[in-house]
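Here are the chains, one letter per residue:
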Amino acid sequence: MSEFEKALSTVFSVGTLQQMLRSATPVALAAIGGSMTEHAGIMNIGMDGMILMGAFFAVLGSFLAQSAFAGVALTLGVGLLVGLFFGLLVVRYRSDEFIIGCAINTFAVGLTSYLSRSFFGTAGAKGNPALPVLHLAFLNKIPILGPMLNDQSLFVYLTWLIVAVAWVFVYKTPYGFWLRASGEKPDTLRTAGISPTKMKWIASVLCGLLCALAGAHLSLGHLKGTFAENMSNSRGYIAFACVIFAAANPAKAYLAALMFGFFEAIGLRLQGYISSDLTQIVPYVITIVMMVYVVVRKQRQRKRTAKLEGPASA
Amino acid sequence: MKKLFALLLAAVLLLTLFVGCKKTDKNDKTDASGSTDANAAKLSLVVAGRFGDRSFYDSSKEGAERLQKEGLVQLSTIECNGENFSAQMQNAADKANIVVCVGWEFYDVATIAPQYPNVKFIWIDNATDAPVANVLNITYAQNEGSYLAGYIAAAMSKNHVVGAVGGEDSDTINDFIVGYKQGAAEYDAKNGATTTVLVNYTNSYDDPAIGKECAIALNDKGADVIFQIASAAGDGVFDAAAEKGFYAIGVDSDQKYINPDAIICSMKKEVGNSIYDAVKEFVSGNTSKLGTTWQTTLAEGYVGIGYGEDGSVQQIPDEVKQAVEEYAQKIGSGEIKVETTRR
């Protein structure tokens, strides 16, 4: 095997695909949550802080009750509160969602660091009960796909279910229809006798819950019951990029998250062949490419509507 | 009423901004026994990252706390969380007599220190380009300690592939890596083996998940002993080691206790001890080290290999430990020169 072939086989290996799934899962869960708020017309950049809080409270619950599922329960409870809090400020008091999002991000860093030190000392939390890894013996008989999908943490599989449910919810149920209407044409929705405010509240809470799950996957699924201060490491912003790219379609957002996971995995495996400074920029380059696509798409849509509406109707 | 509530909420949010970078001014909390002398020098410990890495920064805090316990200084600490290095350094210098800056990032000490001629500065882990009258630079021969770690890694590797997960591609981190590689090469030369050394950088010191992925990526390429040099992100390396069944080597502090079955040893950098010794000298009136760079070495005991507390599981055979001991002496005596990326 030549040096180049060797490099190719390590870069494009089953390990790459496994990492793609692991790394994509927290981003995807947050992105599905972000899709909900996006549909409701709320620009939510607070997802990073929500993930961080989710990660911390999952570990805290796991530590206090010595059970990973108790951790998930606690973090869902806190996620609910965070969603309500976000709704209170953004929906009820109509504060600027951008500022509130920023505030939640900084608030989360401060709060989780403070609580982490109160409960675990400066050493941080580690080795608490973690979520189970599923081993499905029959999967290994399938080449590549089998080992890629097997032996993943519970939430990796749960995410597929959530993607499907979220997609059906948004596009196939009346609630999803109202949710989208609450963002696009709130007045029309109001005329139909349904409160757009209520839909916005629901979206905020769903986003809080899903981001909490994203955090729980990070600390209890991906890592074994570990919390480190600031560990969300901008995944919430990547999730936001996925939301915009996918036009808030949960299924497309999941694919976008997979793409990020894939390029992260490729980046790590390319190190040693090219400089780490270069591989580090890969996700950001992808973001820019995605945003260019979004702009092009928007312009096409604008042209199409212009055609439909005829010349100079505005 | 609503407005008041909104205002209150905003105030709470604002307050939490300061939680992360809080200053713990311990002077107020001095216990009744009066162990801290009111005239004791004021020491401010400024770290570039945050405590809780169970490694580099925590070690510096231990040293500073020991000084406080012995009544030599009044301690306050500042965590920069990766930003505002110069401003935090100035904040510290405004109040303290001795400012210890922990982290290679504090380059501005060269311009700030001259503004505070009565304050003594200690810069940990890096050195000013030219000597500054009131700055003592302390650097560590991490390359020498890593040489020993590299030797151990190569000796313990069954696949003859060993790995290192660095925090970022910088001079200080690479100083570990050149030593590590040279140590592995020495093992090869002595035993006629061919060991490949692979390196991945996390580009984050906070994110254990990415640290874990880096380690798994190296393990996929065959590495079965991995040295972590990435602060809290390196925690993920231990996670991966436990999960995938390979060995890990800890860094800065003796980290074996975190996972005694997966962590075979640690490359210790006694940051705390060096701070303790340097400040103690200042307090006793000996300031001859100011304006110089104190290059702490393996021979002085400021770097070395730790095998965990007495009684912990040991994976490394005694003959390897013995060889490590011999190499440590050879490095100490200057018989072996270890490459460095420090200036």
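Analysis parameters
- Residues numbered from 1 in each chain as written.
- Chains lettered and ligands numbered in written order.
- Predicted model: local features only at pLDDT ≥ 70, side-chain atom pairs only at ≥ 80, totals over all residues.
- Heavy atoms only, no water.
- Helix = DSSP H or I, 4+ residues; strand = E, 2+ residues; numbered from the N terminus.
- Rg over C-alpha atoms; globule rule 2.2 N^0.38 Å.
- Buried < 20%, exposed > 50% of the residue type's maximum accessible area, 1.4 Å probe, protein only.
- Contact = heavy atoms within 4.5 Å.
- Areas by Shrake-Rupley, 256 points an atom, 1.4 Å probe, with all protein chains shown as cover.
- Buried area = accessible area lost by both parts, 1.4 Å probe.
- Salt bridge = Lys/Arg side-chain N within 4 Å of Asp/Glu carboxyl O.
- Pairing = 2+ DSSP bridges.
- Axes fitted to C-alpha atoms, helices over the stretch in contact; angles between N-to-C directions.
- Lys, Arg positive; Asp, Glu negative; His and termini not counted.

(A) Summary view of the overall build of chain A. Along its length, chain A carries 14 helices and 2 strands. In terms of C-alpha radius of gyration, chain A reaches 21 Å, essentially the compact-globule figure of 20 Å for 314 residues. Overall size of chain A, expressed as C-alpha extent along the three principal axes, is 65 × 50 × 40 Å. The proportion of buried residues among the 314 residues of chain A is 52%. Counted over contacts in chain A with a minimum sequence separation of 6, partners at least 24 positions apart contribute 77%. Put simply, chain A shows about 13900 Å² of open surface, and 69% of that area lies on carbon and sulfur atoms.

(B) Fine view of the interface of chain B and chain A. Across the boundary between the two partners, chain B contributes 39 residues, which contact 40 residues of chain A. Of the roughly 3600 Å² buried between chain B and chain A on both sides combined, carbon and sulfur atoms contribute 56%. Across the chain B-chain A interface, the total number found is 7 salt bridges. In this structure, the salt-bridge partner of Arg22 of chain A is Glu213 of chain B, at a minimum N-O distance of 2.7 Å.

(C) Region of the structure containing the sheet that holds strand β13 (residues 303-306) of chain B. Residue and element names in this part refer to chain B. Pairing within the open sheet is mixed, and its 6 strands lie in the order β8-β7-β9-β10-β11-β13. Strands with a single pairing partner mark the edges of an open sheet, and in this sheet they are β8 (196-201) and β13. Recorded for the sheet is a direction-independent mean angle of 20° between the axes of neighbouring strands. In the sheet, strand β10 (residues 247-252) pairs with strand β11 (residues 263-269) via 5 bridges, with the strands oriented parallel. What sits directly across from Ala248, in β11, is Ile263. Along the sheet, helix α6 (residues 171-191) contacts β7 (161-166), β8, β9 (225-229), β10 and β11; its crossing angle with β8, the most-contacted strand, is approximately 165°.

(D) Examining the side chain of Arg297 of chain A more closely. With respect to the helices and strands, Arg297 of chain A occurs in helix α14 (residues 282-309). For the buried residue Arg297 of chain A, which engages in no salt bridge, the nearest side chain bearing the opposite charge is Glu38 of chain A, 8.7 Å off.

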